[in-house]
Amino acid sequence: MQRLGASILIAALVLSPLPAAALGSTDTGSTGTTPEAQVFSDAELDVRRLVINPTAAPDTSVAVNFSAPPAAGYDIELEHPDGTVDAIPTEQDGFYLIKHTWHAELTGLRPDTAYRYRVVRDDLDEESAAGPDSGAGDWHSFTTAAAGATDFDFLYFGDAQEGLRDAWPPVVDAGFEAIPEARLSIHAGDMVNWAPIQMEWDDWFAGLGANAADRLVMPVPGNHETYGDSRMRYFRMNFALPDNGATDETSYYYDYQGVRFVGLDGNRDLEAQAAWLDEVLTDNPHDWTVVTMHQPIFSSAVGRDEPEARAAIGPVLQEHDVDLILQGHDHTYARGYVDEDATETPGVTSGPVYVISNAGPKHYQQQPIDDNTWTQNGATQVVRHGQVSTYQTISIRGCELEYTSVIGAKGSNPTTDLGVGEVLDQFSIDRCGEDKLVTDGPIADGGRAPEDRNPDEDPRPGEEVPSEDPTPSDDDPTVAPTGDASPAPDDPETAAPTPDPTTDPTASPTTDPTASPTAGPSDAPDEEQPGREDDEDDEGTDPGQPGDDRSDGDRSDDPPRTEPRGGNGTEGGEDSGGDRGTLPRTGAEAGTALGVGAALIVLGATALILRRRLG
């Protein structure tokens with residue numbers, strides 16, 4: 001027992017994250033230029049996940065984040081339009097195994113100006129493969145935001161999550177090819193499937209490629225960013241986002257050329273975020289507002305409902321007439337509005353537009369067309385589709401906004417006959433007159449089922465009538481550790497992952513039933529939806545899905561799927577440090593932050609060493 005305890009202790013020390021201060025200097029302390037740097041490439045320096053993120057002032061600054069091997073320090077060389085070069089020191093956030101993440105904020109920039117930058121490592125020795133003294137990576141470029149309201153384009157992607165090597169890159173490439181002048185991209189959560197698996201992050205960033213290094217990337221965390229990492233350290237390590245929200249770098253806002261962009265964290269603290277969002281939108285000086293959140297206000301997939309988000313966030317969105325609410329989570333496509341925003345003109349509404357999209361190959365069944373979370377809560381779906389992966393182009397042109405959803409890939413039984421590359425949905429928003437008008441474009445393929453087709457008699461995959469119990473079965477891949485994994489067992493040497501536990505049907509929801517017309521779809525499984533807020537008193541509880549702060553232990557989070565899960569060659573995960581913030585620790589963190597496979601390897605090796613040494 002003593003040997004086992006020592007093994008576990010050593011394994012925890014080996015795999016646990018260390019704060020940046022314990023790893024050496026977090027600031028290179030260098031300023032000025034570095035003319036002695038030898039020119040290599042990002043690949044030779046092993047610089048990965050290079051991304052630029054918005055700051056609170058994207059017209060005069062930009063944030064750079066990347067991963068790289070341990071070093072005394074890295075600088076960002078910034079080339080100004082006149083050719084002068086400054087060296088900006090980076091700060092180290094933490095590490096995962098032998099890689100670290102680093103970030104820097106480039107400030108004092110001029111609005112609407114093109115700059116070049118590159119990563120420079122300044123401690124290479126003569127034995128390093130890249131060369132002596134210091135080495136510089138590839139040059140990248142970006143353009144700061146204009147100071148005032150100016151026309152621009154951006155992209156919006158739903159969940160990538162799976163197929164990160166083969167399915168995700170073509171959708172991304174198609175999006176940027178369709179709108180090459182896009183200034184930024186929005187990612188509505190679930191970038192990866194299992195947060196501690198580092199190869200998934202590498203693959204997600206590789207799919208974005210140079211588009212991550214040259215254009216602003218605006219992500220929000222999904223529930224899968226909490227799996228195995230309840231404090232979302234990996235999410236926060238991989239991005240350098242504004243720290244001006246209600247939660248540490250997982251909710252934030254910034255203004256870009258006449259648009260107020262707001263990112264929300266749908267995993268926790270919804271009431272606090274609602275109060276903060278109300279303040280952010282009350283003080284909004286711009287005509288346009290775009291809010292991004294992973295969990296939908298009105299769900300579209302079988303077995304899904306988010307009553308807490310709808311009760312806390314929904315009224316704020318409606319009160320402030322937010323233009324676009326861009327969401328993910330449900331692995332379908334849906335677009336609609338709240339019924340009170342309908343006008344007397346067919347195809348024209350006047351309020352917020354709610355969109356759900358999916359960029360990856362994972363697809364879920366749609367809720368019934370005539371009885372779903374939208375209809376039960378006073379909302380209408382204008383367009384709905386299943387088994388399609390899409391990208392969305394959005395263009396701001398003065399007082400008009402144009403939105404287009406394009407099919408990037410299709411599942412085995414999609415609900416549309418349109419081909420890849422064809423437009424699935426279009427609409428426009430006109431703020432030029434006294435009243436805002438949202439007008440449908442040509443709704444491709446009907447959107448909703450034709451009147452003469454009874455979905456109960458002829459369900460199509462992606463638009464199927466749910467069974468009485470659509471909860472995934474034991475052999476459904478959605479309960480496997482590589483997907484929506486069960487928490488790591490307390491004793492990884494003897495325990496094995498088990499299917500999701502069953503919720504006590506007598507449990508009561510934590511939300512006030514008067515806050516929403518219904519707590520969920522009528523034919524959803526017996527699944528309560530307690531609040532997602534962090535509970536500092538939940539130590540020792542069974543949290544079910546790792547990192548999801550709901551406390552009832554029910555993990556029927558993934559509804560029935562309409563085709564097999566596609567793999568993306570993931571490997572065992574590693575835990576990390578890099579705490580940029582102070583999210584409270586939860587009971588889910590114990591035993592789940594370590595990758596089970598890596599822990600077993602280290603435990604076995606450590607036990608062998610101790611056995612030999614201790615006799």
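All chains use their own residue numbering, which begins from 1 and follows the written sequence. Thresholds applied to this predicted model are a pLDDT of at least 70 for local features of residues and 80 or more for the giving and counting of side-chain atom pairs; totals over whole chains, interfaces and linings are not thresholded and use all residues. Side-chain metrics rest on all non-hydrogen atoms present in the structure, leaving aside hydrogens and water.

Asker: For this particular structure, what's the right way to read the sheet that holds strand 21 (residues 379-385)?
Answerer: Strand-to-strand pairing in sheets goes through backbone hydrogen bonds, with the strands running parallel or antiparallel. Reading across from one edge, 14-15-16-17-20-18-21 is the order of the seven strands in this open sheet, with mixed pairing throughout. Edge positions in the sheet fall to strand 14 (252-256) and strand 21, since each has one partner strand and no second. Strand-to-strand twist in this sheet, taken as the mean axis angle between neighbours without regard to direction, amounts to 15 degrees. When DSSP locates at least two bridges between a pair of strands, those strands are taken to pair. Counting from the N terminus, the helices are the DSSP runs of H or I reaching at least four residues and the strands are the DSSP runs of E reaching at least two. With three bridges connecting them, strand 18 (residues 333-338) and strand 20 (residues 353-356) associate as antiparallel partners. By the bridge assignment for strand 20, R335 is matched with V355. Every angle, taken between N-to-C directions, lies between 0 and 180 degrees, and every axis is a line fitted to C-alpha atoms, over only the stretch in contact when it is a helix.

Asker: Would you mind going over the nonpolar core with me for this structure?
Answerer: Side chains of a nonpolar character, in soluble globular proteins, are inclined to be buried together. What we call a nonpolar core is a set of buried Ala, Val, Leu, Ile, Met, Phe, Trp, Tyr and Cys residues that are connected through their side-chain atoms within 4.5 Å. Only protein chains enter the accessibility calculation, which uses a 1.4 Å probe; a residue is then buried when its area is under 20% of its type maximum, exposed when over 50%, and partly exposed in between. In this structure, F66, F154, W204, F239 and F261 are the most contacted members of the largest nonpolar core, which totals 86 residues. Take this core: its biggest share by element is five residues, from strand 11 (residues 152-157). With residues up to four places along the chain from it excluded, the contact list for W204 reads A160, L164, W168, H187, M191, V192, V217 and F239. Core analysis: the next-biggest nonpolar cluster, separate from the first, contains 25 residues, V262, A274, L277 and I325 among them. Contacts are assigned to residue pairs that have any heavy atoms within 4.5 Å of one another.

Asker: In this structure, what is going on with the state of the cysteines? I would like to understand it.
Answerer: Disulfide: a covalent bond connecting the sulfur atoms of a pair of cysteines. A pair of cysteine sulfur atoms is labelled a disulfide when the two atoms are within 2.5 Å. Counted under the stated rule, the structure contains one disulfide. The disulfide partner of C399 is C432, and the gap between their sulfur atoms is 1.8 Å. Around the S-S axis, the bridge from C399 to C432 shows a dihedral of about 80 degrees and counts as right-handed. Residue C399 is found in the loop between strand 22 (388-397) and strand 23 (400-410), and its partner C432 is found in the loop between strand 24 (423-430) and strand 25 (437-440); the two are separated by 33 residues along the sequence.

Asker: So what exactly am I meant to see when it comes to helix 3 (residues 168-178) here?
Answerer: One turn of an α-helix holds 3.6 residues; hence residues three or four places apart share an orientation. When we look at burial in helix 3, the residues that qualify are W168, P169, V171, V172, G175 and F176. For helix 3, the arc enclosing every buried residue in end-on projection is 165 degrees, short of the 170-degree limit, so these residues lie on one face. Close packing links the buried residues of helix 3 with strand 11, strand 12 (184-187), helix 4 (198-208), helix 5 (210-214), strand 22 and strand 23. For this quantity, the arc is that covered by the directions from the helix axis to the C-beta atoms.

Asker: Could you clarify how one ought to interpret the pattern of salt bridges in this entry?
Answerer: A pair can form between side chains of opposite charge whenever their charged atoms are brought close. Put simply, a salt bridge is a Lys or Arg side-chain nitrogen that is within 4 Å of an Asp or Glu carboxyl oxygen. Per the counting criterion, the structure on display carries 19 salt bridges. A salt bridge links D330 to R304; the shortest N-O distance between them is 3.2 Å. Separated by 26 residues along the polypeptide, D330 in the loop between strand 17 (324-327) and strand 18 and R304 in the loop between strand 16 (288-292) and helix 8 (307-312) bring together distant segments of the chain. R304 shares its class with D330; the two are buried.

Asker: Would you take a moment to explain helix 4 for this structure?
Answerer: The buried fraction of helix 4 amounts to ten of the eleven residues, a majority that puts the element mostly inside the structure. Within helix 4, the full set of buried residues consists of Q198, M199, E200, W201, D202, D203, W204, F205, G207 and L208. Note on helix 4: the residue one or two positions beyond its end, G209, has a positive phi of about 60 degrees.

Asker: Is there a simple way to explain the pairing of strand 24 in this structure?
Answerer: Looking along a regular strand, one sees the side chains alternate between the two faces of the sheet. Of the pairings in the sheet, the one linking strand 23 to strand 24 comprises seven bridges and is antiparallel in character. Looking across to strand 24, one finds that E400 is bridged to D430. Two strands pair when backbone bridges link them, and strand 24 and strand 25 are joined in this way by four bridges, in the antiparallel orientation. The residue of strand 25 that forms the bridge with S428 is T439. Here strand 24 hands over to strand 25 after six residues, the two strands then running antiparallel side by side.

Asker: Help me out: how do you make sense of the side chain of S405 in this one?
Answerer: Considering the arrangement of structural elements, one finds S405 in strand 23. In this structure the side chain of S405 is engaged in a polar contact, spanning 2.8 Å, whose partner is the side chain of Q392. What S405 contacts, discounting residues up to four positions off in sequence, is Y333, T390, Y391, Q392, E422, V423, L424 and D425. Whenever a nitrogen or oxygen atom comes within 3.5 Å of another N or O atom, the pair is scored as a polar contact, on the condition that within protein one atom can donate a hydrogen and the other can accept it, and that pairs from neighbouring residues in sequence are kept only if both atoms are in side chains.

Asker: Any chance you could explain the packing of aromatic side chains here in plain terms?
Answerer: Here a ring pair, both rings aromatic, is described through the centre-centre distance and the interplanar angle of the planes. When two rings of Phe, Tyr or Trp (its six-membered ring) have centres within 6.5 Å they constitute a pair, described as stacked for plane angles under 30 degrees, edge-to-face for angles over 60, and tilted for the intermediate range. Within the structure shown, the criterion is met by 21 aromatic pairs. Centroid distance W168 to W204: 6.0 Å. Interplanar angle 10 degrees. Geometry classified as stacked. With W168 in helix 3 and W204 in helix 4, this residue pair connects regions lying 36 residues apart in the sequence. With respect to burial, W168 and W204 carry one shared label: buried. Judged by centre distance (6.0 Å) and plane angle (80 degrees), the ring pair of W204 and F239 falls under edge-to-face. Linking W204 in helix 4 with F239 in the loop between helix 6 (233-238) and strand 14, this pair joins segments that are 35 residues apart in sequence.

Asker: So what exactly am I meant to see when it comes to the environment of T250 here?
Answerer: Residue placement: T250 occurs in the loop between helix 6 and strand 14. Note: C-alpha distance between T250 and F239 (eleven residues apart in sequence) is 10.0 Å. A distance of 2.5 Å separates a polar atom in the side chain of T250 from a polar atom in the side chain of T247. There is a polar contact of 2.9 Å between the side chain of T250 and the side chain of D265.

Asker: Help me understand the side chain of S299, please; the structure alone is not making it clear to me.
Answerer: Structurally, S299 can be placed in the loop between strand 16 and helix 8. Ignoring anything within four residues of it in the chain, the contact list for S299 reads R304, D305, E306, D330, I356, Q367, T373 and W374.

Asker: Got a minute to help me understand the packing of helix 3 against helix 4 in this structure?
Answerer: Two quantities define a packed helix pair, namely the angle between the helix axes and the distance between the axes. Relative to each other, helix 3 and helix 4 sit at 30 degrees, their axes nearing to 8 Å. With respect to helix 4, the element helix 3 is oriented roughly parallel. Seen from above, helix 3 lies across helix 4 with right-handed handedness. In this structure, helix 3 uses W168, P169, V172, D173 and F176 to contact helix 4, whose residues at the interface are D203, W204, G207 and L208. Should an angle lie under 35 degrees it is considered roughly parallel, over 145 roughly antiparallel, and from 65 to 115 roughly perpendicular; all remaining angles are considered oblique. For any pair of crossing helices, the crossing counts as left-handed if the nearer helix is rotated counterclockwise from the farther one by less than a right angle, and right-handed if it is rotated clockwise.

Asker: Can you help me understand unusual backbone geometry in this one?
Answerer: Note: most residues except glycine have negative phi, and most peptide bonds are trans. The backbone of D112 shows a phi angle near 50 degrees, a positive value even though the residue is not glycine. Along the chain, the position of D112 falls in the loop between strand 7 (99-106) and strand 8 (114-124). For E249, which is not glycine, the phi dihedral falls at a positive 60 degrees. Positionally, E249 belongs in the loop between helix 6 and strand 14.

Asker: Please explain the confidence of the model for the chain as it appears in this structure.
Answerer: Low-pLDDT portions of the prediction should not be read for the details of their coordinates. Confidence scores per residue from the predictor, reported as pLDDT, run from 0 to 100. On average, residues of the chain score 76 in pLDDT, and 64% of them are at 70 or above. pLDDT under 50 marks residues 125-132. Its contacts with residues more than four places away, or in other chains, come to twelve contacts. Note on residues 447-556: pLDDT under 50 across the span, and 226 contacts to partners over four residues away in sequence or across chains.

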